[in-house]
Amino acid sequence: MTIKFDSLKIIEPILEALKKIGYVTPTPIQEKTITLALDNKDVIGIAQTGTGKTAAFVIPLLQKLHLKPSRTKSPRALVLAPTRELAAQIGQSFRTYGKFLKLKHVEVYGGVPISPQIRALERGVDILVATPGRLMDLMNQREVDLDKIDFFVLDEADRMLDMGFLKDVRKIAEELPTKKQSLFFSATMSNAIINLTKDFLKNPAKVQITPQATPVEKIKQCVYFVDQNDKIELLLDLYYQDKMDCVLLFVKGKHRADKIAKLLNKNKIATDAIHGNKSQGQRTKALGNFKSGKVKVLVATDIAARGIDVHNISHVINFDLPNETENYVHRIGRTARAGKQGNAYSFCAAEDRNFLNEIEKITKREMPAGQHKYHSHKAKDATGVNAKPKPRTSRFNRVNKINPRSGRKNQESSDSRDEGRGRNSRGRKSSSSGGSRFGSRRKGSSSSGARKFGSRDSRKSSGFSSRKGRR
Ligand code: AMP
């Protein structure tokens, strides 16, 4: 029997809001978590994005705060999210589901001025949605009082860990009153997360929705073995062949992201890029245009794409395979949302081969290979050192190298940096893995027919060259 929201003891104003947006049936994580949370239980939710986990905590939080009114100006609920995008999306959920309630929430995250956030806190707030970095700043400046917190939600705990936030999360959790209800969510459960739950949750009920690190069934996964040099051509072929219209494209570096976005725009495919060098305003605009369909392809780095909640992503393309296997699961979870079908294509060059092997190990299945005219046997059969990224010059040399044209120091930085506060994270190695380089032009004739890379000579102007091509 399918359970409906109205059989979950949810109060009328929230049911009304749900009805307004057309949600009738709770997702499995919602059904279980809402019931447990309304029953005052601490909960560990093991679920990926796309399972409806946001509403699973937002709904009971709103209900409990509404039913226990208070005169305090200090927040009574704290939700911690790893990125500003996710914090903003959670804030949006509070707005949507709390439309008919009189509860106030504030989102605080880095990359935007702190003073309006301080003023909003001063005006009084029921729910505080925060990234750890900005919350620590506010705590250090004594601009936020966490003494009245009755509910604590930690979202995407595994991301917090990946982004090097665990220490901050612990510090924040230690500042909270002991008597409170806590809900922790994570796509995966590593030992560090298990320890965190042991330290901060009381007899938690465990809700596991998808088996750990298993990608959603509804996603058609496919690998394309291709040389670095041919990735752009393959992308353009697939784009037209599949008539793609909402593509999230993952790459491994900020500069690479910009370069690909530029190339696609030259090919008249409306594209934008989001990564750590983009301002909050630029990111919000890019996401807005992507959501509205004005931008067809959004090129992103792993960190920047965290928490992107766009319903209609038809294709996730791993232009570069992630070097941290679990990111694969996070990436492809952006498509096939809310019961829809989705496609996840992975471009595997020789140097990505080991990453593919690792992904197949955790997904426990061999990824079907797509047929295409740029098929690379070299990539498919790569083993040993050929299957790994080539070592690059050391980080020190890279950072301090003088650009011969500008005379300035190369400011290249890691993509896996905390984009809210500019600190380094565990994922730093992602940007130092080798791979193709942009900038130099490849000579030779086009194999992609009439397609042009911005100018008449498609290959020459693609701006896309391999390591080999540069030497
Ligand atoms: P989340 O996992 O929280 O990021 O949610 C994934 C997507 O599912 C979001 O776009 C939600 O708006 C949507 N969603 C959440 N709950 C429901 C529901 N019960 N019925 C239909 N769509 C939902």
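See the structure above.
Residues numbered from 1 in each chain as written. Predicted model: local features only at pLDDT ≥ 70, side-chain atom pairs only at ≥ 80, totals over all residues. Heavy atoms only, no water.

Participant: When you look at the overall build of the protein in this model, what are you seeing that I'm missing?
Facilitator: What the protein contains, in helices and strands, is 20 helices and 15 strands. Within the span of the protein, comprising 471 residues, buried residues form 57% of the whole. In the protein, the proportion of contacts linking residues at least 24 apart, taken out of those at least 6 apart, comes to 76%. For the protein, the accessible surface area stands at approximately 21200 Å², while carbon and sulfur atoms represent 50% of it. (Helix = DSSP H or I, 4+ residues; strand = E, 2+ residues; numbered from the N terminus. Buried < 20%, exposed > 50% of the residue type's maximum accessible area, 1.4 Å probe, protein only. Contact = heavy atoms within 4.5 Å. Areas by Shrake-Rupley, 256 points an atom, 1.4 Å probe, with all protein chains shown as cover.)

Participant: Before we go on, may I ask you to explain helix α8 (residues 166-175) in this structure?
Facilitator: In an α-helix, one turn spans 3.6 residues, which is why side chains three or four residues apart end up on the same side. Taken together, the buried positions of α8 are occupied by L166, D168, V169, I172 and A173. Looking straight down α8, one finds its buried side chains confined to an arc of 155 degrees; they lie on one side. Among the exposed residues of α8, those oriented more than 90 degrees off its buried face are K167 and E174. Buried residues in α8 make contact with β2 (77-80), α6 (132-140), β5 (151-154), α7 (157-162) and α9 (191-200). (Arc of directions from axis to C-beta.)

Participant: Where do I start with the site of the ligand in this structure?
Facilitator: In the neighbourhood of the ligand, 16 residues make up the surrounding shell, with Y23, Q30, G50, G52 and T54 lying closest. Between the ligand and the protein, one listed contact pairs a nitrogen atom with a backbone N or O atom of T25 at 2.9 Å. One of the backbone N or O atoms of T51 is found 3.1 Å from an oxygen atom in the ligand. Summarising the interface, the protein chains cover 86% of the accessible area of the ligand, which totals 490 Å² for the free molecule. (Near = heavy atom within 4 Å. Polar contact = N/O pair within 3.5 Å; in protein donor to acceptor, adjacent residues only side chain to side chain.)

Participant: What am I meant to see in the sheet that holds strand β3 (residues 105-108) here?
Facilitator: Strand-to-strand pairing in sheets goes through backbone hydrogen bonds, with the strands running parallel or antiparallel. Taking strand neighbours across the sheet as the criterion, the seven strands line up as β3-β4-β2-β5-β6-β1-β7 in an open arrangement whose pairing is parallel. Every other strand in the sheet has two partners, leaving β3 and β7 (205-208) as the edge strands with one partner each. Sheet twist, expressed as the mean angle between neighbouring strand axes with direction ignored, is 10 degrees. Pairing of strand β1 (residues 43-46) with strand β6 (residues 181-186), which is carried by four bridges, proceeds in the parallel orientation. Bridge assignment links I44 to a residue of β6, and that residue is F184. (Pairing = 2+ DSSP bridges. Axes fitted to C-alpha atoms, helices over the stretch in contact; angles between N-to-C directions.)

Participant: How should I be thinking about the pattern of salt bridges in this particular structure?
Facilitator: Pairing is possible between side chains that carry opposite charge, provided their charged atoms lie close to one another. Considering all chains together, one arrives at 16 salt bridges under this definition. Between E107 and R95 there is a salt bridge whose closest N-O contact spans 3.4 Å. Here R95 lies in helix α4 (residues 84-97) and E107 lies in strand β3, a separation of twelve residues in the sequence. Judged by relative accessible area, E107 falls into the buried class, the value being 18%. (Salt bridge = Lys/Arg side-chain N within 4 Å of Asp/Glu carboxyl O.)

Participant: How do you make sense of the packing of helix α2 (residues 28-38) against helix α3 (residues 53-67) when you look at a structure like this?
Facilitator: Any two packed helices are characterised by how steeply their axes cross, that is the angle between the axes, and by the distance between the axes. Viewed as axis vectors pointing N to C, α2 and α3 meet at an angle of 25 degrees, and their least axial separation amounts to 8 Å. Relative to α3, the element α2 is oriented roughly parallel. Relative to α3, α2 is oriented so that their crossing is right-handed. Counting all contacts with α2, which are made through I29, Q30, T33, I34, A37 and L38, the residues of α3 involved are K53, A55, A56, I59, P60, Q63 and K64. (Parallel < 35°, antiparallel > 145°, perpendicular 65-115°, else oblique. Left-handed = near helix turned anticlockwise from the far one by under 90°.)

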